[in-house]
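# Tertiary structure, described
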Amino acid sequence: MFSARRYGEALTVLINLFDRSRTELLERQTEISEIERKLDDLRGGFGGVIAVEGTPGTGKSSLLRLLHSKAVDNEFLVLHARGHEFEASFALGAVAQLIESAGEDPPGEDMPARLHGSRIAHLLHGKLPDEVDAAEWHSLLHELHRIILDLAGDRRLVLVVDDAQLADLPSLRFLSYLAARVGRSPIVLAVAVEPRGPSPAADLLGTVVTSFESTVLRPAPLSLRGLEQVVAETVAGPDPTAIAESIFEATDGNPMLVRAVLDEAATRPGRPARAGLDWLTKRAPRSLMRWIIRKLRSLPEPSLELAQAVAVLGRATEPWVVERTTGRTDAGVEKALAALIDAEILIDGPVLRFAQPLVRTAVQDSTPLLTRGQLHARAARALASTGASPEQIAGHLLEAPAQGDQRTVRSMLDAAAAAAARGEPDTVPYLRRALREPPTDRDLPMVLSRLGTAELSVDHEAAAGHLREALEHTSDPDARGAVARDLAWALAAGSRFEEAVTVLADTIVELRMADAVADLDDALSWIGGLSPGARDLRRQRLAQIREQEAGTNSHRSVHVLLEQLWNGTDATRMADSADDVLRQAGLPAENGVGWGAALTATCSLAACDRLPEARRAIRTLIDESRRRGVHLFHLDHCLQAYVELQLGQVSAAAGLAATALEASESAGRPTIAQPIAAAALVEALIEQGDLERATAELSARELLDAESDTSAHLPLLRARGRLRLALGQTDAGVADLVRGRGLDAELGPAAGSVGMWAPIITALHRSGRVRDARELGEEELARAYAFGAARPLAVVLRTLASTAAPDRALLLLEEAVDLLDGSPALLERARTLYAHGRGLGKAGKTSTAREQLRLAVELAGDCGAYRLHSRAREELLSLEAPARGPGRRKRSPSTLTPSEERVVALAAEGLSNRVIAQTLFVTVKTVEWHLTQAYRKLGIVSRENLSRALAASTPERR
């Protein structure tokens, strides 16, 4: 119930043995000083009263035990008693405890109690005076007072009564009598009192607490700082402060509750990794549950039922809502509520709530499930009559038992609609609860379809089951079309492409000219291209559909457009087609070209080297899908990651891919997006040089050896092949890349794959298969020339140069550099500049090579491609002129790249990394990278030395 908000890290908690007495008295120095002062007064012959007042668990008993211990150390006689609800009916029971405790003191010659045993027994067990007979009462109380004094003899006397509010009335009458006289006797009376409502016992204790001789101590809860000290000494974990904050939030610093949590944790240490700290406060300690039930049963009826109702409600603003939730309306409710407030279990105010959240948890956990369900059902009905929000009402109905009530179904549907209208994605619990009620036959198709659509984002397998059932029960043509479309997407998310094609084609044949056919066409065209089997089946079914629709004006334009996108060979025409798709789609239209076409068109813009347009399109697509509540299985975010990667935003691409990867696995059943997101993340990590993490990401998801014949695995095979080549696993890398290129050809000659498999050329050449590498390179080059997009052509030219003779290699690289001059594809431009500079260096054209390499270093650094940056910089340094004379060459800002110079200049002015990043429109990580490189070049370790290093080198720069 109460979570530790900031804990996602692995954590194992171990509770150690600790000095409980010291812990219980933490932050009690003021109270301890008062106790010591009172005992000093007693030593001088002056008595008094100490009243320790406070709510349960604040440490009253600990202070009384301290008083008892210090009094014994001073050789005072200590008599003690404790009130108890089961002894409240025994007259003078507490006084009897006091006198009986005298027997615990070592026997002495002057023990009058031993000489007057029959006298004491007569007083304690004789008949009490009538209530109205004041004289008889005074005589009895006076005699008891004399007995107490006789017990003390010449010794100072300390009377300690814990839980005095539970003592019997005659004993409380004696304590009240005694409180008025201790100032003139060598007696200290110490009582611990909990607040109670109006009653005879409260009146008598009031005279004790407010006595002229009384010192009232009100121990406060532990502060957060004090609790941190306790946790630091008792809990071993990576973040004791965070643990303390979690416990403090649940207990409000109440020492008894804190101790209960720690004691409970001590019996179940070693929670599993990633468990966080919820387990410390999510369930109430067993000892606390037993205590709260006993406490509530000691209060007037029906305090227990009222506390259970408030625990279920969480917060209540209207007392009558609490009454209706309990199911009781008798006069005792008001009295019980007042008792709970007086006992400070509940806090009164505009919102009625528990004083400590953990006490609410204890009440909830101790309430039987059946009773709790009934309370939730009554709470929902009560809140409905107050005009509460649909989500408030539904929150209780989620916990209530199903009763076949259609009002519950309507409430859950309203809550789901309200949550969706606010953009909250998870409406599944409401809709599943509506289905469990269950709905009537008339409402069942609607509930099933809404549930299945909502489940698309959390559990595509469950979504497919509910949508298939909804399709069986739905008769309206437009509704059937929408359900069939969502069912196909759910099947596709689980890579069940052929089933999805069958559903779509069957529904298109059935609906023929209905408005929903356009959306179905879109889904059929997109899903039908995701695997070889699905593509063949789509062709067969489309032929059947066209035969049946001969002579009709059907929605075929989407297929024409998408065929151009899938199979186009000319970048200009393909980009124009993509623009047409997006215009017709309206990103996307409600009844025109749909989401699949929009995704494909955006992907095509990126393949045609129209990266800025692709970025705008994908952002619009994401915004529109979110606004309309359409779930694209995070394929849109995967595409965004790839576009950002090519634009040179490596860190942003890694973040987007990691988010999409996590989201694609949120339901425990990975969707079609998982291998695509994993591939995008690996590609970004390769550029950052983090090969270890890239390997770990694939290994953790069992993707290092995963095989599939779907288009979703094409990016994975490429990324995995590149990773293995980077790790020196040439044979495995070549195998992945060859397998991917073969699958690509099997799926159909997609224009978007031009240049995608170029790494095979280099890999084959390095493995000694020079002829194969050159043949494949020429084949890819012819295809890239035919396609005509600059970036894919530059990729092939640069890759082919690594296999060509030096003269031809330079020509190929020069052409690639010219193609990318001014291109927004910054990452590929940096790679090409590096390859060109390296080739020029080998050809002895050192000056031109350094110029190209400097540009590569700067561009790679701006992109966050640290692996490429490091390589380019090493190559550049190897071409620098050797130092003259003995010793090391002097470091100078003249060796800084232009980007490093800009960052260093701003840092020297005192700007923070974040401000520098905002000024230069780069990431903070890029700024940190440039500063690190600059410090090394300047021979300094921090920005404190930056201004001096720049000033010292000014003459040299001139």
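Before going into details, it helps to say that this report is about the structure given with it. (Residues numbered from 1 in each chain as written. Predicted model: local features only at pLDDT ≥ 70, side-chain atom pairs only at ≥ 80, totals over all residues. Heavy atoms only, no water.)

Each helix and strand in the protein was counted, giving 50 helices and nine strands. Burial statistics for the protein: of 958 residues in total, 53% are counted as buried. Contacts in the protein between residues at least 24 apart in sequence constitute 69% of all its contacts with a sequence separation of at least 6. When the accessible surface of the protein is split by element, carbon and sulfur atoms take 51% of a total near 42600 Å². (Helix = DSSP H or I, 4+ residues; strand = E, 2+ residues; numbered from the N terminus. Buried < 20%, exposed > 50% of the residue type's maximum accessible area, 1.4 Å probe, protein only. Contact = heavy atoms within 4.5 Å. Areas by Shrake-Rupley, 256 points an atom, 1.4 Å probe, with all protein chains shown as cover.)

Moving on: the packing of aromatic side chains. Applying the stated rule across the entire model yields zero aromatic pairs. In this structure, Arg-173 is placed above the aromatic ring of Trp-137, and the distance from its NZ or CZ to the ring centre is 4.4 Å. Its guanidinium or amino end placed over the ring of Tyr-177, Arg-181 lies 3.5 Å from that ring's centre, counting from NZ or CZ. (Phe/Tyr/Trp six-rings, centres within 6.5 Å; stacked < 30°, edge-to-face > 60°. Lys NZ or Arg CZ within 6 Å of the ring centre and 35° of its normal.)

Here we have five strands laid out as an open sheet, ordered β3-β4-β5-β2-β6, and parallel in their pairing. This sheet does not close on itself; its edge strands, each paired only once, are β3 (77-82) and β6 (214-217). The sheet shows a mean angle of 15 degrees between the axes of neighbouring strands, direction not considered. In the packing of helix α3 (residues 60-73) onto the sheet, the strands contacted are β2 (48-53), β3, β4 (157-162) and β5 (187-193), and the crossing angle to β4 comes to about 160 degrees. (Pairing = 2+ DSSP bridges. Axes fitted to C-alpha atoms, helices over the stretch in contact; angles between N-to-C directions.)

For the rest of this paragraph, the subject is the packing of helix α35 (residues 673-688) against helix α45 (residues 866-879). Closest axis-to-axis distance for the α35/α45 pair is 4 Å, and the angle between their directions is 30 degrees. In terms of orientation, α35 and α45 fall into the roughly parallel class. Contact with α35, carried on its side by Ile-686, Glu-687 and Gln-688, involves Tyr-866, Arg-867 and Leu-868 of α45 and no other residues of that element. Among the residues making up the contact of α35 with α45, the classes are represented as three nonpolar, one polar and two charged. (Parallel < 35°, antiparallel > 145°, perpendicular 65-115°, else oblique. Nonpolar A, V, L, I, M, F, W, Y, C, P; charged D, E, K, R; others polar.)

With that out of the way, let us pick up helix α27 (residues 517-527). Of all eleven residues in α27, eleven are buried; the element is thus mostly enclosed. Along α27, the residues that are buried comprise Val-517, Ala-518, Asp-519, Leu-520, Asp-521, Asp-522, Ala-523, Leu-524, Ser-525, Trp-526 and Ile-527.

With that out of the way, let us pick up helix α31 (residues 595-607). For α31, built from 13 residues, the straight-helix expectation of 18 Å at 1.5 Å per residue is met to within 8% by its first-to-last C-alpha distance of 18 Å. Within α31, twelve of the 13 residues are buried, leaving the element largely enclosed by the surrounding structure. Taken together, the buried positions of α31 are occupied by Trp-595, Gly-596, Ala-597, Ala-598, Leu-599, Thr-600, Ala-601, Thr-602, Ser-604, Leu-605, Ala-606 and Ala-607. Where α31 terminates, the next one or two residues include Asp-609, which has phi positive at roughly 70 degrees. (Expected span 1.5 Å × (residues − 1).)

We now examine the pairing of β5. With seven of seven residues buried, β5 is to be regarded as a mostly interior element. As judged from the six bridges shared by β2 and β5, these two strands associate in the parallel manner. Residue pairing in the sheet places Gly-48 in a bridge with Val-188 of β5. By the bridge criterion, five bridges tie β4 to β5 in an arrangement that is parallel. Looking at β5, one finds that Leu-157 is bridged to Ile-187.

Only a minority of non-glycine residues have a phi that is not negative, and only a minority of peptide bonds are not trans. Here the residue pair Glu-301 and Pro-302 is connected by a cis peptide bond, since its omega of -5 degrees sits within 30 degrees of zero. Positionally, Pro-302 belongs in the loop between α14 (286-297) and α15 (303-313). Cis peptide bonds are those with omega within 30 degrees of zero, and the linkage from Glu-437 to Pro-438 qualifies with -5 degrees. Secondary-structure assignment places Pro-438 in the loop between α22 (428-436) and α23 (444-455). Its identity as a non-glycine residue notwithstanding, Glu-75 has a phi of 65 degrees, on the positive side.

The subject of this paragraph is the pattern of salt bridges. If the charged atoms of two oppositely charged side chains come close together, the side chains can form a pair. As enumerated under the stated definition, the model contains 48 salt bridges in all. For the salt bridge of Arg-831 with Glu-687, the shortest nitrogen-to-oxygen distance reads 2.5 Å. On the criterion of sequence distance, the pair formed by Arg-831 in helix α43 (residues 826-842) and Glu-687 in helix α35 is long-range, its members being 144 residues apart. For Arg-831, a relative accessible area of 13% corresponds to the buried category. In this structure Glu-687 comes out as buried when scored by relative accessible area, which is 4%. One network of salt bridges, in which partners are shared, links Glu-683, Glu-687, Arg-718, Arg-722, Arg-798, Glu-828 and Arg-831. (Salt bridge = Lys/Arg side-chain N within 4 Å of Asp/Glu carboxyl O.)

Glancing now at the environment of Asp-818. Tracing the backbone shows Asp-818 in helix α42 (residues 806-819). For the pair Asp-818 and Arg-829, spaced eleven residues apart in sequence, the C-alpha to C-alpha distance is 9.8 Å.

The next thing to look at is the environment of Ser-61. For Ser-61, the location among the structural elements is in helix α3. With near-sequence residues (within four places) excluded, Ser-61 lies in contact with Arg-82 and Asp-162.

Attention now moves to the side chain of Gln-688. Following the sequence through the fold, Gln-688 ends up in helix α35. Owing to a relative accessible area of 18%, Gln-688 belongs among the buried residues under this scheme. When residues no more than four places from it in sequence are discounted, the contact partners of Gln-688 are Val-650, Ser-651, Ala-654, Gly-864, Tyr-866 and Arg-867.

It is worth stressing that arrangement in space is one thing and function is another; only the former is reported here.
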